[in-house]
Amino acid sequence: SFVMMMEGLEFRDALEMLAKRAGVQLKPRSKNASVNQSKKVRLYEAVELAMRYYHYCLGRNKTAFDYFTKQRRLKPSTIRNFKLGYSPDGWENLKNFLFKKGFTQTEIKEAGLATNKPGSNSYYDVFRGRVMFPVFDAQNRPIGFSARILGDQKAAKYINSPQSLIYDKSTAIYGYAQAKEAIRVQEKAVLVEGNMDVLALHDAGFQNVVACSGTALTAQQIKTLSYLTPNIYLCFDNDEAGFNATLRAIEIATGLD
C-alpha cells in the first residue's frame, strides 16, 4: 500500500516492482499468464533497445537534432531526461538492429515496432523519418512511442505505437514517469494536450506536467493521476476543441469515485 501511494502504482505494478527489488520471482496463476508474462518481458526489452537506438540516432541527424534544440529550443537535459530520438528514414533500420540483438520478427511486430502488409511475410519499420517521443509507464519502463514527421512529406503528422501487451494508449500518460515526483511534492498535476507542451513546460521548470498519450482523456488516466494527487489542473488549447476537451475532462473526473 505504501509503494502504491508513493509511486502512484496499481497493486500489480507495485508487486512487480517490489519483487524485482527483492529478487523474488512472481509465479503466474496459470499457464497462459506465464506465457503472457514471458512475452511482456521480451517486449519491454525490445522497446527499451528501440528507445536507445532512436536516442543514439538523434545525435547523428542534424535536422532532427536542430528540430528539438533550435526550432523547439529544448535544453539538452530535457532531451536526455525524456530520451527523445529520431527514427532513420529507411524501411528496415530498426528491424535489422533488433535482429542482431536476438529478437524475432514476431517479437518486433508484437512490440509495435514493425508491421507488414496483409498476407505478406515482409515486415518493415513502423517509424521512419520521424522524431521520437518515448512513452514510459509508472515504473519508468518505455512501452511505446509517439512520433512526429519531419519536413513536408505527405504523411500523418503524428503516429503512435499500436496497442500491445505492454502499451495501451487509453491508460498511458506522456511524461508521467518524469513528473510523478514533482506532482507528489507539489500536490497537483497539470494536464496539457500534447507532447511538446509537456516538454516545453518541463524545460521551463514546471516539472508536474503530463499529457494524454495519443488519445482523448480517459477515466483510467484520471484515476492514475489521482494515485499521486486529487488536484488536477487542466491546461488545454484555447479553442473550441480545447474547450470541449476541458468539459469532457471535468465530466470524467467528477464521475469517478
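Residues numbered from 1 in each chain as written. Predicted model: local features only at pLDDT ≥ 70, side-chain atom pairs only at ≥ 80, totals over all residues. Heavy atoms only, no water.

Undergrad: I'd like a description of the environment of Leu247, backed by residues and values.
TA: With respect to the element layout, Leu247 can be found in helix α11 (residues 240–255). Placed 50 residues apart in sequence, Leu247 and Asp197 show a C-alpha to C-alpha distance of 20 Å. (Helix = DSSP H or I, 4+ residues; strand = E, 2+ residues; numbered from the N terminus.)

Undergrad: Can you explain the pairing of strand β5 (residues 142–149)? Please cite residues and give values.
TA: For β5, a buried count of eight out of eight residues is recorded, marking the element as mostly surrounded by other parts of the structure. As paired strands, strand β4 (residues 130–136) and β5 are joined by seven bridges and run antiparallel to one another. Paired with Pro134 across the strands is Phe145, a residue of β5. Strand direction decides the pairing type here: β5 and strand β6 (residues 158–160), joined by three bridges, are antiparallel. Its bridge partner being in β6, Ala147 is matched across the sheet by Ile159. (Buried < 20%, exposed > 50% of the residue type's maximum accessible area, 1.4 Å probe, protein only. Pairing = 2+ DSSP bridges.)

Undergrad: Can you break down the pattern of salt bridges residue by residue, with the values?
TA: Under the counting rule described, the total for this entry stands at 11 salt bridges. The residue Arg52 makes a salt bridge to Glu48 at a minimum N-O spacing of 3.0 Å. In this pair, Arg52 and Glu48 are both assigned in helix α3 (residues 31–58), four residues apart and thus about one turn of the helix distant. Look at Glu48 and you get partly exposed, because its relative accessible area is 24%. When the shortest N-O distance is used, the salt bridge between Arg248 and Glu251 registers 3.3 Å. In this pair, Arg248 and Glu251 are both assigned in helix α11, three residues apart and thus about one turn of the helix distant. (Salt bridge = Lys/Arg side-chain N within 4 Å of Asp/Glu carboxyl O.)

Keep in mind these numbers describe shape, not what the thing actually does.
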